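# Commentary on secondary and tertiary structure
Chain by chain, the residues:
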Amino acid sequence: MIKKAVLISTLLAFPMQAAALTSPLTAGVFLGSPTSGLTVQYRDDYKFAVGFNEPSFSVDAIWNTSDMATGSMYSPLYGFTGIQWVDDSEHEWGPRGGVGIVLPYHYVHIYAEAGVTWYMQKESSMEVEGAVGVRFNL
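Here, residues in each chain are numbered from 1, in the same order as that chain's written sequence. Reporting in this predicted model follows two pLDDT cut-offs: at least 70 for local features of residues, and 80 or more for side-chain atom pairs to be given and counted; totals over whole chains, interfaces and linings ignore these cut-offs and use all residues. In computing side-chain values, all of the structure's heavy atoms are included and hydrogens and water are not.

### Re the pattern of salt bridges
Within this document, salt bridges are pairs made up of a side-chain nitrogen of Lys or Arg and a carboxyl oxygen of Asp or Glu, the two lying within 4 Å of each other. The full count for this structure, using the stated rule, is four salt bridges. The partner of Glu113 in a salt bridge is Arg96, with the nearest N and O atoms 3.7 Å apart. Within this pair, whereas Glu113 is found in strand S7 (residues 108-120), its partner Arg96 is found in strand S6 (residues 93-105), the two being separated by 17 residues in sequence. Both residues of the pair, Glu113 and Arg96, belong to the buried class. Salt bridges linked by common partners bring Lys47, Asp60, Arg96 and Glu113 together as one network. Each helix corresponds to a stretch of at least 4 residues labelled H or I by DSSP, and each strand to a stretch of at least 2 residues labelled E; elements are numbered beginning at the N terminus. Partly exposed residues are those whose accessible area sits between 20% and 50% of the maximum for their type, while under 20% is buried and over 50% is exposed, using a 1.4 Å probe and protein chains only.

### Description of the side chain of Thr26
Turning to its location among the elements, Thr26 is positioned in strand S1 (residues 25-33). Here the side chain of Thr26 touches Arg135 through a polar contact of 3.4 Å, side chain to side chain. Ignoring anything within four residues of it in the chain, the contact list for Thr26 reads Thr39, Val40, Gln41, His109, Arg135, Phe136 and Asn137. We call two N or O atoms a polar contact when they sit within 3.5 Å, provided that within protein one can donate a hydrogen and the other can accept it, with sequence-adjacent residues counted only if both atoms are side-chain atoms. Whether two residues are in contact is decided by their heavy atoms: any pair within 4.5 Å suffices.

### Quick word on empty space enclosed by the protein
The method works on a 1 Å grid over the protein atoms by themselves. A cavity is a set of points holding a 1.4 Å probe that cannot get out, a pocket is an open set with protein on both sides within 12 Å along at least five of seven lines, and residues with an atom within 4 Å of a point line them. Grid points are joined across faces, edges and corners, and a volume is the space filled by probe spheres set on the points. Throughout the structure, instances matching the rule amount to one cavity of 30 Å³ or more. In this structure, the largest cavity encloses a volume near 260 Å³. Ranked by residue count, the leading element in the lining of the largest cavity is S7, at six residues. In this classification, Asp, Glu, Lys and Arg are treated as charged, Ala, Val, Leu, Ile, Met, Phe, Trp, Tyr, Cys and Pro as nonpolar, and every other residue, Gly included, as polar. Of the residues belonging to the lining of the largest cavity, the class tally is nine nonpolar, 12 polar and five charged.

### Examining the pairing of strand S3 (residues 46-51)
What you see with S3 is a clean split: Lys47, Ala49 and Gly51 sit on the buried side and Tyr46, Phe48 and Val50 on the side with no burial. Any two strands are treated as partners once DSSP identifies two or more bridges connecting them. Inspection of the sheet shows strand S2 (residues 37-42) paired to S3 by six bridges, in the antiparallel sense. Each residue of the ladder has a partner; that of Leu38, found in S3, is Val50. Count of turn residues in the S2/S3 antiparallel hairpin: three residues, of which Arg43 carries a positive phi of about 50°. Note that S3 and strand S4 (residues 56-64) share six bridges and pair antiparallel.

As structure tokens, then:
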């Protein structure tokens, strides 16, 4: 009976694993500055993040270094540019850009990134910010 249950559960889980390899979406959590929260990435092109301890939202376009360099099939380095909104008394919104590294392992993507956000509210200021997180294939 136990062997049949293991066989059936394995057969049911196999199509989900195969679909996860080709899924264009990854989602996960991150810890960082100015906020920590949830992130979703669509393919290797766009990234969306929602922060919770300081309410925030960011949208970024991603450029992989393997797309820019010839002879390299995969590079863990990437650059990003986008815009970020933070519900803060000092900083509210601004364009941002930076670099990151991603290390994929099966269905898990561990990443770290750092960049500069140019906040424009009462007065202009540039802040260095970073994040470390993990995303899973959906």
